[in-house]
Amino acid sequence: NIIYFRVSSLFYPADSNSDNAMISIYPFNDEYFAFAESPVIHKIDVESLDTIERVNLNEKIGIVNHTSHPIVTSDGTVYNVGLTISKSGPAYSVICFPHGENIFENAHVVAEIPTRWKLHPCYMHTFGITENYFVIVEQPLTVSIPAVLKSQIVNEPMISCLKWFGDKMTCIYLIDRQTGELRHTFHAEAFFFLHIINQYEKDGHLVIDI
């Protein structure tokens, strides 16, 4: 029965991942939610810090995971990047949570690009937004899907699922915010990163501080 539960939980990542949303807190409208990389976020009471509601974004928009650091724009719209699975394979999807009522019901994908390796999507903790572009950095530190399947069955820690392709380049994708189309792909030497701390356009260039 334990093995059956672990196998079946692969199809419900919000139930098989940890509920420990301890990485960050972000506002959706005037409500605050605690985040980790699991698709489950928790609405919290800002006075008592009690958990008020558990929101499963896998059920609402079909993401397997997402970055721990969504971006809130000046008009209150929230964007994040999550991993989705389509018929053609895994993809990095930019998700828009529009400001206003029913923010989760009205959430939708505004852009997506396929992962470089079908069975090894990259580990992505943050992304960027500039005036004209969504910025996605695909580093060669990846999460092995076969290893995730194995880890669920034999109860191994998540770190056993990480795979480093140090002989591969890092890809930086610029996606048009208006059309959702991939406009530019830049390549850099292999590197690991956690946070994009600033990004902006200036004098015909796009600058990223990582």
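Remember, predicted model here, so these are calculated numbers, not experimental data.

**Student:** So what exactly am I meant to see when it comes to the overall build of the protein chain here?
**Tutor:** For the protein chain, the count of helices and strands is four helices and 17 strands. For the protein chain, whose C-alpha radius of gyration is 17 Å, the value lies close to the compact-globule estimate of 17 Å for 210 residues. Taken over the C-alpha atoms alone, the protein chain extends approximately 60 × 45 × 30 Å along its principal axes. Relative to its 210 residues, the protein chain shows a buried fraction of 45%. Across the protein chain, contacts joining residues at least 24 apart in sequence account for 48% of those joining residues at least 6 apart. Here the protein chain displays about 11,500 Å² of accessible surface, and carbon together with sulfur accounts for 53% of that area. Within the protein chain, one finds 13 positive and 24 negative side-chain charges whose respective centroids are separated by 11 Å.

**Student:** Can you help me understand the side chain of Thr142 in this one?
**Tutor:** Residue position: Thr142 is located in strand β12 (residues 141-143). In this structure, Thr142 is in contact with Trp117, His120, Pro121, Cys122, Tyr123, Cys161, Leu162, Lys163 and Phe165, ignoring residues within four places of it in sequence.

**Student:** Can you help me understand the side chain of His120 in this one?
**Tutor:** Residue placement: His120 occurs in the loop between β9 (108-114) and β10 (128-129). For His120, the residues in contact, after removing those within four places along its chain, are Thr142, Val143, Ser144, Lys163 and Phe165.

Rules used throughout
- Residues numbered from 1 in each chain as written.
- Predicted model: local features only at pLDDT ≥ 70, side-chain atom pairs only at ≥ 80, totals over all residues.
- Heavy atoms only, no water.
- Helix = DSSP H or I, 4+ residues; strand = E, 2+ residues; numbered from the N terminus.
- Rg over C-alpha atoms; globule rule 2.2 N^0.38 Å.
- Buried < 20%, exposed > 50% of the residue type's maximum accessible area, 1.4 Å probe, protein only.
- Contact = heavy atoms within 4.5 Å.
- Areas by Shrake-Rupley, 256 points an atom, 1.4 Å probe, with all protein chains shown as cover.
- Lys, Arg positive; Asp, Glu negative; His and termini not counted.
- Charge placed at Lys NZ, Arg CZ, Asp CG, Glu CD.

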